[in-house]
Amino acid sequence: MDSGQIEAVKRQILSLEKAQRMAEFFGVLGDTNRWRILSALAVQEMRVGELAEIVGMSESAVSHQLRTLRVMRMVSHERQGRNVVYRLQDDHIVNLYQEVSEHLDEPH
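These numbers come from a predicted model, not from an experiment.

Chemist: Which parts of the structure should I look at to understand the sheet that holds strand S2 (residues 75-80)?
Modeler: Consider a sheet: its strands pair through backbone hydrogen bonds, and that pairing is either parallel or antiparallel. Within the open sheet, the 3 strands sit side by side as S1-S3-S2. Their pairing is antiparallel. Either end of the sheet is taken by a strand with one partner, and the two such strands are strand S1 (46-47) and S2. Pairing of S2 with strand S3 (residues 83-88) involves 6 bridges; the strand directions are antiparallel. When the sheet's bridge partners are listed, Arg79 is paired in S3 with Val84.

Chemist: Sorry if this is basic, but what is going on with the packing of aromatic side chains here?
Modeler: For any pair of aromatic rings, the description rests on two quantities: the centre-to-centre distance and the angle between the ring planes. This structure, assessed with the given rule, holds 2 aromatic pairs. An angle of 35° between the planes, with centres 6.4 Å apart, marks the rings of Trp35 and Tyr97 as tilted. Taken as a pair, Trp35 in helix H3 (residues 32-43) and Tyr97 in helix H6 (residues 91-105) lie far apart in primary sequence, 62 residues in all. A relative accessible area of 24% places Trp35 in the partly exposed class. By relative accessible area, which is 22% here, Tyr97 ends up partly exposed.

Chemist: Hey, could you run me through the pairing of S3 in this one?
Modeler: Here is the key point about a regular strand: its side chains alternate between the two faces of the sheet. Pairing analysis gives 2 bridges linking S1 to S3, with the strands arranged antiparallel. Looking across to S3, one finds that Met46 is bridged to Tyr86. The antiparallel pairing of S2 with S3 creates a hairpin that spans 2 residues between the two strands, and Gly81 there sits at a positive phi of about 70°.

Chemist: Just to check I follow, could you spell out H6 for this structure?
Modeler: The periodicity of an α-helix, 3.6 residues per turn, causes residues three or four places apart in sequence to face the same way. If you check H6, its first and last C-alpha atoms are 21 Å apart, about what 15 residues at 1.5 Å a residue would give, namely 21 Å. In this structure Asp90 caps H6, since a side-chain oxygen of it lies 3.0 Å from the backbone nitrogen of His92.

Chemist: Got a minute to help me understand the packing of H3 against helix H4 (residues 48-55) in this structure?
Modeler: A pair of packed helices can be characterised by two numbers: the angle between their axes and the separation between those axes. Look at H3 against H4: their axes get within 10 Å of each other, and the N-to-C directions meet at 115°. Relative to H4, the crossing made by H3 is right-handed. Contacts between H3 and H4 involve Arg36, Ile37, Ala40 and Leu41 from the first element and Leu51, Ile54 and Val55 from the second. Taken together, the residues of the contact of H3 with H4 sort by class into 6 nonpolar, no polar and 1 charged.

Chemist: How should the nonpolar core be read in this particular structure?
Modeler: Across soluble globular proteins, nonpolar side chains show a tendency to be buried alongside one another. If you look at the biggest cluster of nonpolar residues, it comprises 22 residues, and the most contacted ones within it are Ile37, Leu41, Leu51, Val62, Leu66, Met74 and Val75. Contributing elements (two or more residues each) for this core: helix H2 (16-28), H3, H4, helix H5 (59-71) and S3. When sequence neighbours within four positions are dropped, the list of residues in contact with Leu66 reads Ile37, Leu41, Val48, Leu51, Val75 and Tyr86.

Chemist: How should a nonpolar patch on the surface be read in this particular structure?
Modeler: A surface patch of nonpolar side chains, about 420 Å² in accessible area, is lined by Met1, Ile6, Val9 and Ile13. Relative to the helices and strands, Met1 resides in the segment before helix H1 (3-12). Exposure remark for Met1: the relative accessible area of 74% places this residue in the exposed category.

Chemist: Looking at this structure, I do not really get a negative patch on the surface. What am I missing?
Modeler: Together, Glu99, Glu102, Asp105 and Glu106 make up a negatively charged patch on the protein surface. For Glu102, the location among the structural elements is in helix H6.

The rules behind these values
Residues numbered from 1 in each chain as written. Predicted model: local features only at pLDDT ≥ 70, side-chain atom pairs only at ≥ 80, totals over all residues. Heavy atoms only, no water. Pairing = 2+ DSSP bridges. Helix = DSSP H or I, 4+ residues; strand = E, 2+ residues; numbered from the N terminus. Phe/Tyr/Trp six-rings, centres within 6.5 Å; stacked < 30°, edge-to-face > 60°. Buried < 20%, exposed > 50% of the residue type's maximum accessible area, 1.4 Å probe, protein only. Expected span 1.5 Å × (residues − 1). Polar contact = N/O pair within 3.5 Å; in protein donor to acceptor, adjacent residues only side chain to side chain. Axes fitted to C-alpha atoms, helices over the stretch in contact; angles between N-to-C directions. Left-handed = near helix turned anticlockwise from the far one by under 90°. Contact = heavy atoms within 4.5 Å. Nonpolar A, V, L, I, M, F, W, Y, C, P; charged D, E, K, R; others polar. Core = buried A, V, L, I, M, F, W, Y, C linked by side-chain atoms within 4.5 Å. Patch = residues over 30% accessible without salt bridge, like charges linked within 9 Å, V, L, I, M, F, W, Y side chains within 5 Å. Areas by Shrake-Rupley, 256 points an atom, 1.4 Å probe, with all protein chains shown as cover. Salt bridge = Lys/Arg side-chain N within 4 Å of Asp/Glu carboxyl O. Lys, Arg positive; Asp, Glu negative; His and termini not counted. Charge placed at Lys NZ, Arg CZ, Asp CG, Glu CD.

Structural data, given as structure tokens:
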């Protein structure tokens, strides 16, 4: 590469701040239980008790994981009467989940 090409690439790479934010985001996804919760919410929105039953965790543990996922804007919640229903935050998270899942299912 010549110096012009190097400079062009430098202008296109992530800023240090955005790279740090991405590392934090993907760090949150380094937990098996969080992936299982995301996979359940990829099927349908649900309450903490339902999630706990499906993933085989206590409601307290699921609530703790959901708080972490909310901070990173991976899940959102809505109060419906006395219930709080959780869902994947948006299509970006749905697509991320689907893309990673499909990638891992590809033959080597």
